[in-house]
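Examining the three-dimensional arrangement
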Amino acid sequence: MPRSKRPKWNAEYKHHMNASGEKEQEPVRFSMRTFLAMLVLLIVIFPFIELMSYGVLVLSLLLTLVLLSALPAIGSRRSTLVWGIALAVPAVAGKWVNYFRPDLMPLEIFLVSAALFCGFVVMHLLRFVLAAARVSLDILCAAIANYMMLGLLWSFAYQLVAQIFPDSFSFVLGAAPRQVPTGFEAFYFSFATLMTVGYGDIIPASNVSRMLAITESVAGVFYVTILVARLVAIYSAEGEKER
């Protein structure tokens, strides 16, 4: 491919030799590290955001940055970038319209749009990792970011189910009984389920929420299993080539 026609919006290229001695081009996604950094930032400061007087505004800004930073991380092809933008715009717009005018934009619209966009990102990051010819820092960043995106995806799903079916969750701890989790509680429950920790302080109480918990646990286990197997296979293949 001529140099002028290579996609430049999210990647540069480096060369390495394949098994037949020919040069291959591998994308170096510098934006992948930014995307991972935004996800880590979200996890670290999320529990403190809800304690702030302007916590909802800060959370809206942070979620917007996370969603938008995912676009250059997955947009190695123009068609992928276009589809990503088409899914990200309703999610970001829905979040801000719900913040300023919740009477015009129900929270459920944002949750559905955000979940769809997260699923799209997860699919493309997984394809990027599995199709890699060699283990690099960008591949490792993509693998970690994708695992975090799984947790974010299911957290949106849990919030959506709680909004539609208010009795979907039961809280063991706390003086006042509640059935609808806050944003961080759904986030916390999602990652606890993804890693199959199961502290027992939040319990799925409806068939839909239990189904989501089962699918997330299975997805988390299979993701780690497939990822480790793939990375080991790539590393082993690189070792064979060097001999």
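Residues numbered from 1 in each chain as written. Predicted model: local features only at pLDDT ≥ 70, side-chain atom pairs only at ≥ 80, totals over all residues. Heavy atoms only, no water.

A separate point is the side chain of E216. Tracing the chain through its elements places E216 in helix α7 (residues 207-242). Among buried Asp, Glu, Lys and Arg side chains, E216 stands out as unpaired, with R210 the closest opposite charge at 14 Å. (Helix = DSSP H or I, 4+ residues; strand = E, 2+ residues; numbered from the N terminus. Buried < 20%, exposed > 50% of the residue type's maximum accessible area, 1.4 Å probe, protein only. Lys, Arg positive; Asp, Glu negative; His and termini not counted. Salt bridge = Lys/Arg side-chain N within 4 Å of Asp/Glu carboxyl O.)

Turning our attention to the nonpolar core. Nonpolar side chains in soluble globular proteins tend to be buried together. Among the nonpolar cores identified, the biggest contains 67 residues, and F35, L42, L152 and F156 are the most heavily contacted of them. At the level of elements, α1 (30-49), α2 (55-74), α3 (78-100), α4 (107-130), α5 (137-164), β3 (169-171), α6 (183-194) and α7 are the ones that each hand at least two residues to this core. The leading source of residues in this core is α5, at 18 residues. Beyond its immediate stretch of four places on either side in the chain, F35 contacts V66, S69, A70, A73, V121, L125, A145 and M149. (Core = buried A, V, L, I, M, F, W, Y, C linked by side-chain atoms within 4.5 Å. Contact = heavy atoms within 4.5 Å.)

The end-to-end C-alpha separation of α6 is 17 Å, in line with the 16 Å expected for 12 residues at 1.5 Å each. A large share of α6 lies buried, amounting to 10 of its 12 residues. Every buried residue of α6 is accounted for by G183, E185, A186, F187, F189, S190, F191, A192, T193 and L194. T196 occupies a position one or two residues after α6 and carries a positive phi of about 50°. (Expected span 1.5 Å × (residues − 1).)

Quick look at a nonpolar patch on the surface now. Among the surface-exposed residues, L126, L130, I214, V218, V221, F222 and I226 lie close enough to one another that they form a single nonpolar patch of about 590 Å² accessible area. Put simply, the parts of the chain that give the nonpolar patch at least two residues each are α4 and α7. Considering each element in turn, the nonpolar patch owes the most residues, 5 residues, to α7. Here L126 is to be found in helix α4. (Patch = residues over 30% accessible without salt bridge, like charges linked within 9 Å, V, L, I, M, F, W, Y side chains within 5 Å. Areas by Shrake-Rupley, 256 points an atom, 1.4 Å probe, with all protein chains shown as cover.)

On to the packing of α5 against α6, then. Contact geometry of α5 with α6 gives a least axis separation of 8 Å together with a crossing angle of 130°. As far as their axial angle goes, α6 and α5 are oblique. Seen along the crossing, α5 lies across α6 with a hand that is right-handed. The residues of α6 that touch α5, namely those facing Y147, M148, L150, G151, L152, W154, S155, Y158 and Q159, are G183, A186, F187, F189, S190, F191, T193 and L194. Partitioned by chemical class, the residues of the contact of α5 with α6 number 11 nonpolar, 6 polar and no charged. (Axes fitted to C-alpha atoms, helices over the stretch in contact; angles between N-to-C directions. Parallel < 35°, antiparallel > 145°, perpendicular 65-115°, else oblique. Left-handed = near helix turned anticlockwise from the far one by under 90°. Nonpolar A, V, L, I, M, F, W, Y, C, P; charged D, E, K, R; others polar.)

Moving on to the pattern of salt bridges. Going through the model one piece at a time under the given rule, you end up with 2 salt bridges. In this structure, the salt-bridge partner of D138 is R33, at a minimum N-O distance of 3.4 Å. Placement of D138 in helix α5 and of R33 in helix α1 is noted, with a sequence separation of 105 residues between them. Overall, the relative accessible area of 3% leaves D138 in the buried class. What makes R33 partly exposed here is its relative accessible area of 33%. A salt bridge links R101 to D103; its shortest N-O distance comes to 2.9 Å.

Relative orientation of the contacting elements α2 and α3 amounts to 175°, with a least axis distance of 9 Å. Judged by the inter-axis angle, α2 sits roughly antiparallel to α3. Contact residues: V56, L57, S60, L61, L63, T64, L67, L68, L71 and I74 in α2; T80, L81, G84, I85, A88, A91, V92, K95, W96 and Y99 in α3. Residues that form the contact of α2 with α3 fall into these classes: 15 nonpolar, 4 polar and 1 charged.

Mapped onto the secondary structure, I109 falls in helix α4. Along the sequence, I109 and A91 sit 18 residues apart, while their C-alpha atoms lie 8.0 Å from each other.

Let's shift gears to the packing of aromatic side chains. Tallying each qualifying case throughout the model produces 13 aromatic pairs. Plain terms: the ring middles of F184 and F187 are 6.5 Å apart, the flat faces sit at 35° to each other, and that makes the pair tilted. Linking F184 with F187, this pair stays in helix α6, spanning 3 residues, or about one helical turn. Plain terms: the ring middles of F187 and F191 are 4.8 Å apart, the flat faces sit at 55° to each other, and that makes the pair tilted. One end of the pair is F187 and the other is F191, both in helix α6 and 4 residues apart, which spans about a single turn. Of the residues examined, F187 reaches a relative accessible area of 5% and is grouped as buried. Taken together, the ring pairs in this structure connect F46, F184, F187 and F191 into an aromatic cluster. In this structure, K95 is placed above the aromatic ring of F110, and the distance from its NZ or CZ to the ring centre is 4.9 Å. (Phe/Tyr/Trp six-rings, centres within 6.5 Å; stacked < 30°, edge-to-face > 60°. Lys NZ or Arg CZ within 6 Å of the ring centre and 35° of its normal.)

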